[in-house]
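A structural walkthrough
If you want the building blocks of each chain, they are given just below.
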Amino acid sequence: MLPQIARNGVGGGSGPPDPAAGRAAAAAACRRHWQALRASGKVAEMSELVPILLALVVLLIGVSLLAPLAERVRLPFAALLVCLGILIGLADLLLDPFGLGQPSSGEIAVVDSLFVGLRVMGLGADGYLYLFLPPLLFAAGLGVDVRLLLDEVAAVLLLAVVAVAVAAGMIGFALSGVSDRGLVVCLLLGAIVATTDPAGVIQVFRDIGAPRRLTVLVAGESLFNDAAAIAFFALLLSMLTSGVEPDPAAAAMTFLTDFAGGLALGVVLARLACLVLPYLREMPIAAITFSVALAYLAFIVGEDYLRVSGVVAVVTAGLVISVEGPLRISPTAWSHLSQTWQQLDFWATSLVFVLASMLGVRLLEDMTWSELGLLGVLIVASLAARAVVLEGLFPLLVLAGLAQPLGRRTRFVMLWGGLRGATTLVLALSVVDNAALPVEVRRFVGMLATGYVFFTLFVNGSTLRPLIGWLRLDRLSPTEAALRDRVMALSAQSIRRQIAETADSYGFDPDLAEGLGPPDQPAEEALRISHEHRLEVGLRTLTNREKELYLGHFQDRSVSRGLVGRLVALADRLLDAVKVEGARGYRRAGSGPVLLSFRLRLATRLQRLTGWSGPLAEALADRFEQLLAVQLVMRELQGYIAQSLGPLLGERVRDDLAELLDSRRQAVDDALAAVELQYPGFARALRRQYLARAALRLEEGAYRRQLEESVVGREVYDDLMQDLARRQRALDRRPSLDLGLRLMEMVRRVSLFRGVDAGGLAELGQMLRARLAHPGEQIVTKGATGNSMFFIASGEVEVCLPERKPDERILLGPGDFFGELALLHRQPRSADVVACGYCHLLELDAADFRRLMRRQPAMRRQIEKVASERADGKAPEETGQPDAAG
């Protein structure tokens, strides 16, 4: 929670110059000058708002022109923004466009209005926080892949919180030891500069081709780093403004309370917003407006009403919307929303950098040599803190299995690439304009924070790319270079033929086509790389293609919005596993869709504890739909391997890729067959839905061609498309899955209960519990204490006895029972029982078993007879086949 910022006065007295007071005095002089000009009649018809708007327009034009310039000179965009702000600040100081406050003769110049606007457009302390922080943080949350972030959540949270504490602590103690400022002030400065700009680091990872999971790790760490640093900043600022003595225990509890409260608020507001978004599904403008309101609402409610961290609330809301948003609105609307937030982030970042840099000129113009030394101490302490995290903390995470290792050169680039950005400047500006703080504190924090941002942008940022080149991280590996040559060699002949055909179609001289196209490459050179490297290249290409196919099916509406996120995350995990472990990692990560998800296991546990089967039916339907989508895509990948990767990488690699893909496909086929065996109606309905979606795509294409060929008019075409949209919405509803766990129906399917009268069946219904067993689930474990027995209503189980040969499998099906011997003789289980597929079971616990044996004599005799035969070795233990036993 950010403290309320006082704005009653600007300080006074002797001592160092007050930056806020100086700026306020300059703004007041500008306003007096403007009033004098209006009084003279020169600008009588011009509003006082015009100079501010003119200044804003000029700034936006400037930052727009700087974006392509940054690409040309290969410097960080933020560094050029700072240059623009410094130039404007210097012009404001040196050119004196106002004529010492006297109205000039003649018409007012545009430059006068421009500098009037630049001086009076200051936002004040609250303005920077409330205007700029919500869009900066919400846009950052939207840009993170949450599904991959969840895989790294432990490492991200640990790095974010601990890294902030390490940075703030090392910087605070270092500066307090060499300056006359108190420890709390120095810790406040440490918290401000602990916020990092992830853009620079992420761009570095893209340049060096690091695994995607590391990019997600850095982006997530930076996101929560900002949230933790700002929460820490707010706590320290509150101590300074209220005069409260530091209490580490109380401060830690306040930090945790604010953080947890902001987290809960963000989740609640975002979930409520997700209930509204479906009503804005086809209205991108309304959805965008709603999302902007959500970002500011989360910040304001958290900071000013609930007194929790509005920063954490905004970040959390952005993360939730990034997951749920694409599922609630149309793909077109989501694309517009994402682009708009990128635009808002661009505006906010650009204005913060320029405005802060303008102020930085005033802050740094009176810097003394001793203060320059303090800046040096800050730089060294900050780099040392980052080194402690990367060289000390991160290796511990690797040893604990929470993160994948980073190479030494990559860690060094991350160390040097820790750029500071807009968030640091926003916090620094809020301190500079906070009248509740002493003047010397405001100057100390503003000067050092701004100077440090300048250093990271101009020194770290400008040398980052040369550093990557010096470390040889920007060069193609031998494998990548060989692959490039192979692609060029295979493509050269086809491309030259197409160029000759193009020249002929244009009527050009064929000689003009000579020498055009890719240069000659000896095809055999590319094959000199090792088989392992070629296989890794093939697996990377295959997983990238798999991701593209998932996204293509989503665009064609063959795959639902809820499913495509999980499928894309699966492809990303596959790619990261290949980068780290090669073929072994591909096998391991490829088994993900076949394994039971945490959600499915949780829903199964919930059903067994409470009997509520709704979440289990939904989770199982999701599983079947995901398996079906993976199966369809893997069939497409088989052709891709034969037609594209085989000629590129050779027959041996082609065969290995096909074998790896076949093993994945076989596992998926088996998992699908298990679902289909138990729920054939649902499987058929879902496959029919896929075909119906394909039919709609074909129909839409036919109508579009008829419109383009003027066979139908726009009115007819619009009517046809409206009918298609209606049918498409109907197909968006997945067929429902009936688990068939209705207790009495399951009881009637067990042959042992067929002779029981109505009263006995009702009593059985109170004793038995319906249970669904998953394929491969171990229902009974040998040696375990027996506390229940099971009746099979449908499905099949296998009894695993060590003395049995592999060809002597013991299979039990509908009507059979197992587990009774442990209850009759009060002995441990004597065999493992594993579900062969999805099984509907009726479970009877020990107490109800004994009650049933007393009240149903005929059933008791049947169970005891089977148990006696098993005890004599005539039938396998822990199994029951009542029909065969007589």
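Residues numbered from 1 in each chain as written. Predicted model: local features only at pLDDT ≥ 70, side-chain atom pairs only at ≥ 80, totals over all residues. Heavy atoms only, no water.

**Details of the pattern of salt bridges**
Pairing between side chains becomes possible if they bear opposite charge and their charged atoms approach one another. The tally for this structure, following the rule as stated, stands at 27 salt bridges. Of the charged contacts in the structure, one is a salt bridge between R540 and E536, with a shortest N-O distance of 2.7 Å. Taken together, the residues span about one helical turn, with R540 and E536 both in helix α21 (residues 531–555) at a distance of four residues. Between R769 and D845 there is a salt bridge, with the nearest N and O atoms lying 3.9 Å from each other. (Salt bridge = Lys/Arg side-chain N within 4 Å of Asp/Glu carboxyl O. Helix = DSSP H or I, 4+ residues; strand = E, 2+ residues; numbered from the N terminus.)

**So, the sheet that holds strand β5 (residues 810–812)**
Taking strand neighbours across the sheet as the criterion, the four strands line up as β2-β7-β4-β5 in an open arrangement whose pairing is antiparallel. This sheet does not close on itself; its edge strands, each paired only once, are β2 (778–780) and β5. Each strand of the sheet is rotated relative to its neighbour by a mean of 35°, with strand direction disregarded. Both strand β4 (residues 797–800) and strand β7 (residues 832–835) contribute to a ladder of four bridges, which runs antiparallel. Residue pairing across strands places V799 opposite V833, the latter belonging to β7. (Pairing = 2+ DSSP bridges. Axes fitted to C-alpha atoms, helices over the stretch in contact; angles between N-to-C directions.)

**Observations regarding the confidence of the model for the protein chain**
The pLDDT averaged across the protein chain works out to 78; a share of 81% of its residues lies at or above 70. Here residues 3–15 is a poorly scored stretch, pLDDT under 50, and it has 27 contacts once near neighbours within four places are set aside; other chains count. Low confidence marks residues 874–886, where pLDDT is under 50. Its contacts with residues over four positions away, or in another chain, come to 51 contacts. (pLDDT = per-residue confidence, 0-100. Contact = heavy atoms within 4.5 Å.)

**What to know about the pairing of strand β8 (residues 839–845)**
The element β8 is extensively covered by neighbouring structure, given that six of its seven residues are classed as buried. As paired strands, strand β1 (residues 769–773) and β8 are joined by five bridges and run antiparallel to one another. Across the sheet, residue A773 finds its bridge partner in β8, namely C839. Bridge count for strand β3 (residues 788–794) against β8 is six bridges, and the pairing is antiparallel. Across the sheet, I792 pairs through a bridge with L841, a residue of β8. (Buried < 20%, exposed > 50% of the residue type's maximum accessible area, 1.4 Å probe, protein only.)

**Observations concerning the environment of V834**
Considering the arrangement of structural elements, one finds V834 in strand β7. Distance in space between the C-alpha atoms of V834 and Q778 is 4.4 Å, their sequence separation being 56 residues. Look past the residues within four positions of V834 in its chain and what remains in contact with it is G776, E777, Q778, V797, E798 and C800.

**What about the sheet that holds β1?**
Here four strands make up an open sheet; going across it, the order is β1-β8-β3-β6 and the pairing antiparallel. Looking at strand neighbours, the two that pair on one side only are β1 and β6 (817–818), the edges of this open sheet. Of the pairings in the sheet, the one linking β3 to β6 comprises two bridges and is antiparallel in character. Residue pairing in the sheet places F790 in a bridge with F818 of β6. Contacting β3 and β8, helix α32 (residues 846–855) crosses the sheet at an angle of about 80° to β8.

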